[in-house]
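Coordinates in review
Next come the chains, spelled out residue by residue.
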Amino acid sequence: MQWGWTMAISGSFLRSLFRRPLTLDPNDLDLVRRGFSPASPPVQPVLDGVVRSFAAGYNAALEHEPRELTFETLSPALRGFAYEGAAMSTTLLDLLTGTRGRRLAALERGSEQRYTHLIHVGAGWAFARMRLRPWTGIRFGRSPLHWLAWDGWGFHQAFFRPAQVFAGHLERAARAGSRPVRDQGAGRALWFYAGADPARIRDVITTFAPGRRPDLWAGIGLAATYTGAQPPDVLENLLTSSIGFHDHLAQGSAFAAKAHCLSGVMPPQVRSAARILTGAEPEAAAEWTDASLRAVDGHDHTPRAYQDWRAGIRRAWAMHTGGVTT
């Protein structure tokens, strides 16, 4: 009992020690201040709500024990973003204190594993901030889910250095197996950078080498569905803008559908987005991700397992639609 009390005091002391230098000013994430393209008046508040929720989750994890976090004051549709932010700050604390993922694991247990995808991604933000390869110094996750940290890495780089990533293509340094995953993360960031506008998104992606475009579109499909920010007519325009990459767009959308199904919350706008981008109900698209994950379970821990997981989702989409978006 005494040992547990001592550990609680120690944890509180450590959070106090790092709180000030690590606290995130929400204004630093403000999309307009960062020079991102403005979204339409109905959409901009949705995107702003996402980044504010991320910041709220990040800062809350500096104030409280991870297992205590529930984010019940946030709209259920925004809680995933808060867990993503909380995963970033808990991972930073684990790295700085040498606790090897104890806080991150507690965060996932506290969420009853309903936000495991977002937590893996949020950890990737921390590794990018510390310029470390996932999962240096942290024991958490399993293959192929642990590759999602590279998605978070790619998002972090594109969000904080958009001019270099989207104009100078900074992520060319992401070589070998991690680059497709990082490009998926950059694609998610592009959704925000381009104000969720299909034409702007297409114009940016076409400047990338052809081999990198599919993964960027996968990130767009994930962000478009998970945020539920755009109405059906704009999502139909997104399909038109992504001709030749519908399978990757659908794969990303299926990931988002699975994440929302796991959380137990399926906002109407997310359901609509998943239907349009996958041609299926979100529960069916989520099952594609589960079936493909089961198929690669037990594979080695190389990026190949993650790529096989994604490829299986695209095959399931093709079988469902005959390869034609409806």
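Residues numbered from 1 in each chain as written. Predicted model: local features only at pLDDT ≥ 70, side-chain atom pairs only at ≥ 80, totals over all residues. Heavy atoms only, no water.

**Focus: the overall build of the chain**
Each helix and strand in the chain was counted, giving 15 helices and zero strands. Counting across all 326 residues of the chain, residues that qualify as buried make up 59%. Considering only intrachain contacts with a sequence separation of at least 6, the fraction spanning at least 24 residues in the chain is 72%. Per element, the accessible surface of the chain, about 13,700 Å² overall, is 55% carbon and sulfur. (Helix = DSSP H or I, 4+ residues; strand = E, 2+ residues; numbered from the N terminus. Buried < 20%, exposed > 50% of the residue type's maximum accessible area, 1.4 Å probe, protein only. Contact = heavy atoms within 4.5 Å. Areas by Shrake-Rupley, 256 points an atom, 1.4 Å probe, with all protein chains shown as cover.)

**Focus on the environment of Ala126**
Position of Ala126 among the secondary structure elements: in helix H5 (residues 116–130). For the pair Ala126 and Trp153, spaced 27 residues apart in sequence, the C-alpha separation works out to 7.8 Å. The contact partners of Ala126, leaving out residues within four places of it in the chain, are Met88, Thr91 and Leu92.

**A short note on the packing of aromatic side chains**
Geometry of an aromatic ring pair is reported as the spacing of the ring centres plus the angle between the planes. What the rule picks out here adds up to 20 aromatic pairs. With centroids separated by 6.5 Å and ring planes inclined at 20 degrees, the aromatic side chains of Trp217 and Phe245 adopt a geometry described as stacked. Note that Trp217 is positioned in helix H10 (residues 213–227) and Phe245 in the loop between helix H11 (232–241) and helix H12 (246–263), a separation of 28 residues in sequence. By the burial criterion, Trp217 is buried, and Phe245 matches it. A ring pair is formed by Tyr306 and Trp309, whose centres lie 5.8 Å apart and whose planes are at 85 degrees; its orientation type is edge-to-face. (Phe/Tyr/Trp six-rings, centres within 6.5 Å; stacked < 30°, edge-to-face > 60°.)

**Regarding the pattern of salt bridges**
Counted by the stated rule, this structure contains 14 salt bridges. The shortest N-O distance in the salt bridge between Arg271 and Glu281 comes to 2.9 Å. Residue Arg271 is found in helix H13 (residues 268–278), and its partner Glu281 is found in the loop between H13 and helix H14 (282–296); the two are separated by ten residues along the sequence. A salt bridge links Glu281 to Arg275, with the nearest nitrogen and oxygen atoms 2.8 Å apart. Under the relative-accessibility criterion, Glu281 is labelled partly exposed at 34%. Residue classification places Arg275 among the partly exposed positions, given a relative accessible area of 40%. Linked by salt bridges that have partners in common, Arg271, Arg275, Glu281 and Glu283 make up one network. (Salt bridge = Lys/Arg side-chain N within 4 Å of Asp/Glu carboxyl O.)

**With respect to helix H8 (residues 178–193)**
Because the α-helix completes a turn every 3.6 residues, residues three or four places apart line up on one side. For H8, spanning 16 residues, the distance from its first C-alpha to its last is 22 Å, which sits close to the expected 22 Å at 1.5 Å a residue. Counting buried positions along H8 gives 14 out of 16 residues, so the element sits mostly inside the fold. Phi turns positive one or two residues past the end of H8, at Gly195, with a value near 65 degrees. (Expected span 1.5 Å × (residues − 1).)

**Here's the deal with the packing of H10 against H11**
Close contact between H10 and H11 brings their axes to 12 Å; oriented N to C, the two are set at 170 degrees. In this view, H10 runs roughly antiparallel relative to H11, as classed from their interaxial angle. On the side of H10, the interface is formed by Trp217, Ile220 and Ala224, while H11 contributes Leu235, Leu238 and Ser241. In terms of residue class, the contact of H10 with H11 is built from five nonpolar, one polar and no charged. (Axes fitted to C-alpha atoms, helices over the stretch in contact; angles between N-to-C directions. Parallel < 35°, antiparallel > 145°, perpendicular 65-115°, else oblique. Nonpolar A, V, L, I, M, F, W, Y, C, P; charged D, E, K, R; others polar.)

**Regarding unusual backbone geometry**
Phi is mostly negative for residues that are not glycine, and the peptide bonds are mostly trans. For the bond from Pro134 to Trp135, the omega torsion is -5 degrees, close enough to zero to count as cis. One non-glycine residue, Arg100, adopts positive backbone phi at about 55 degrees. Tracing the sequence through the fold places Arg100 in the loop between helix H3 (79–97) and helix H4 (102–110).

**Topic: the packing of H5 against H12**
Their axes nearest at 8 Å, the elements H5 and H12 cross at an angle of 120 degrees. It follows that H5 is oblique to H12 by the angle criterion. Contacts between H5 and H12 involve Thr116, His117 and Leu118 on the former and, on the latter, Lys258, Ala259 and Leu262.

**Considering the environment of Val51**
Note on placement: Val51 falls in helix H2 (residues 44–63). Measuring from C-alpha to C-alpha, the distance between Val51 and Asp28 comes to 9.8 Å, with 23 residues separating the pair along the chain. Once residues lying within four places of it in the same chain are set aside, the contact partners of Val51 are Leu29, Leu31 and Phe159.

**Some remarks on the environment of Ala56**
Secondary-structure assignment places Ala56 in helix H2. Judged by relative accessible area, which is 37%, Ala56 ranks as partly exposed. Through-space distance from the C-alpha of Ala56 to that of Leu74 is 9.4 Å; in sequence the pair is 18 residues apart.

**What about the confidence of the model for the chain?**
Low-pLDDT stretches of the model should not have their predicted coordinates read in fine detail. Looking at the chain as a whole, its pLDDT mean stands at 90, while 90% of the residues score no less than 70. The model gives residues 1–9 a pLDDT under 50, and that stretch makes zero contacts with residues more than four places away or in other chains. (pLDDT = per-residue confidence, 0-100.)

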